[in-house]
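Remarks on the overall topology
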Amino acid sequence: MTDEENRPVRRRVTLTGISSRAWEHPADRGALTALRELRGFDDMIKAFFGMWNERGFRLAFLSSAIRVDHRQYPRVYQRFTEAATTLDVAELPDLYVTQDPIINGQAIGLDKPFIVVTTGAVERLDDDELRAMLGHELGHVRSGHSVYRTIMMILTRWTVSLAWLPIGAIALRAIIAAMFEWWRKAELSADRAGLLAGQDPAASTRLLMKLAGGGDLSQIDTAAFLEQAAEYESGGDLRDSVHKIGLTLWSTHPVPVARAAELRKWIDSGEYARILGGEYPRRDSDGDASVTEDVKAAAASYRETFTTSQDPLVNLLRKFGDGAGDLAGSAVRGARGWASGRGRQDDEGQS
């Protein structure tokens, strides 16, 4: 029997009515809440870009990939429906399998998002790992990430097209760099959604190990993999810190070892267990979400990262003493000040 057949069958808890706020990273949720507060912003973006770009993306996969259903890739479809049921997703987005040996997946689209996974994922992931990956992509769809991800893809193409215009290219690159920073936090959110969909921490960790290059897990040790994450975060010197910035600045994804460490921290915080126990925000209360609280949580998240990071460059900044502390504190106070001002405006608007 295979290792997969020997694993016990897990009974997953259906998270009825769960809101995407349950799994969204504070920095991700703060940015999303601020964008959602701009009335008509999403409609404007969808109307502007949806006239041609989404149709082009969809037609590209409709013409050259396999659309998954009960007849085509039935194993993938079964894992997809299981993940959707657990996350209480009533309407399944379209799912395609595209030819690519690399394990990958993405959620694309503005008006009607769809999901694409590669043949590498289908062939190299076991059922539990595949369920976690599909839950990850469903998390992106439920959080509205696919809209901004698609915009980012379009802007990236524009950057190439406008490279001969220095001013336009620089402005677009600045926007894209900011969106990349948000997207890396969105990936951490989706990792949590994938864990909630599969409810198997070991499978979620194995998925990240395979993304890092561990195709044959009989040759890979989970504890050693997590040790890599600790070494990545705290090891080396200032030169390594500079290289890390270069590695991540134009990357949409955090490195896999860091993602595994972040997911482990979320589990250890007790939040994962609380959600499985039924303590989570419901979709019917999304209208009551506070932009003030979300921005405060985002600021607190960045402050905690700064104060607890073992990165050599961050350690050096902290050693400067009050100067660096004041810099971080000013950023947090500024965000909180903006949030408080926004909160007062909201209160005045409701009176």
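Residues numbered from 1 in each chain as written. Predicted model: local features only at pLDDT ≥ 70, side-chain atom pairs only at ≥ 80, totals over all residues. Heavy atoms only, no water.

**Observations regarding the side chain of Arg-131**
Following the sequence through the fold, Arg-131 ends up in helix H7 (residues 127–143). A polar atom in the side chain of Arg-131 sits 2.9 Å from the side chain of Glu-82. Non-local contacts of Arg-131, meaning those with residues more than four positions away in its chain, are made with Arg-12, Arg-79, Glu-82, Ala-83, Ala-197 and Gly-198. (Helix = DSSP H or I, 4+ residues; strand = E, 2+ residues; numbered from the N terminus. Polar contact = N/O pair within 3.5 Å; in protein donor to acceptor, adjacent residues only side chain to side chain. Contact = heavy atoms within 4.5 Å.)

**Considering helix H13 (residues 256–268)**
Compared with an ideal rise of 1.5 Å per residue, which puts 13 residues at 18 Å, H13 spans 18 Å between its outermost C-alpha atoms and is within 8% of the ideal. Those residues of H13 that sit buried are Val-257, Ala-258, Arg-259, Ala-260, Ala-261, Leu-263, Trp-266 and Ile-267. Positioned one or two residues after H13, Gly-270 has a phi angle of 90°, which is positive. (Expected span 1.5 Å × (residues − 1). Buried < 20%, exposed > 50% of the residue type's maximum accessible area, 1.4 Å probe, protein only.)

**A few points about the environment of Met-209**
Of note, Met-209 is situated in helix H10 (residues 201–211). Classification of Met-209 as buried rests on a relative accessible area of 3%. A sequence separation of 16 residues divides Met-209 from Phe-225, and the C-alpha atoms of the two residues are 7.4 Å apart.

**Concerning the sheet that holds strand S1 (residues 66–67)**
Read from one edge of the open sheet, 4 strands run S1-S2-S4-S3, paired in mixed fashion. The open sheet has two edge strands with one neighbour each: S1 and strand S3 (105–108). The sheet contact formed by S1 and strand S2 (residues 95–98) spans 2 bridges and is antiparallel. Considered in S2, the bridge of Arg-67 is made with Tyr-96. (Pairing = 2+ DSSP bridges.)

**Some points on the pairing of S2**
Across the two faces of S2 the burial is the same, with Leu-95 and Val-97 and Tyr-96 and Thr-98 all buried. Inspection of the sheet shows S2 paired to strand S4 (residues 114–118) by 4 bridges, in the parallel sense. When the bridges of S4 are listed, Tyr-96 appears paired with Val-116.

**As for the pattern of salt bridges**
Going through the model one piece at a time under the given rule, you end up with 18 salt bridges. Two residues, Arg-131 and Asp-128, come together in a salt bridge whose shortest N-O distance is 2.9 Å. Here Arg-131 and its partner Asp-128 are both found in helix H7, 3 residues apart, which amounts to about one turn of the helix. Look at Arg-131 and you get buried, because its relative accessible area is 6%. The partner of Glu-271 in a salt bridge is Arg-274, and the shortest N-O contact between them spans 2.9 Å. Of this pair, Glu-271 and Arg-274 both sit in helix H14 (residues 271–276), 3 residues apart, which is roughly one turn of the helix. Assessed through its relative accessible area of 26%, Glu-271 is described here as partly exposed. Residues participating in the shared-partner salt-bridge network are Arg-12, Arg-75, Arg-79, Glu-82, Asp-127, Asp-128 and Arg-131. (Salt bridge = Lys/Arg side-chain N within 4 Å of Asp/Glu carboxyl O.)

**Considering unusual backbone geometry**
Of note, Asp-88 is a non-glycine position whose phi angle comes to about 55°, a positive value. Take Asp-88: it is sitting in the loop between helix H5 (74–86) and S2. Since its relative accessible area comes to 22%, Asp-88 is described here as partly exposed.

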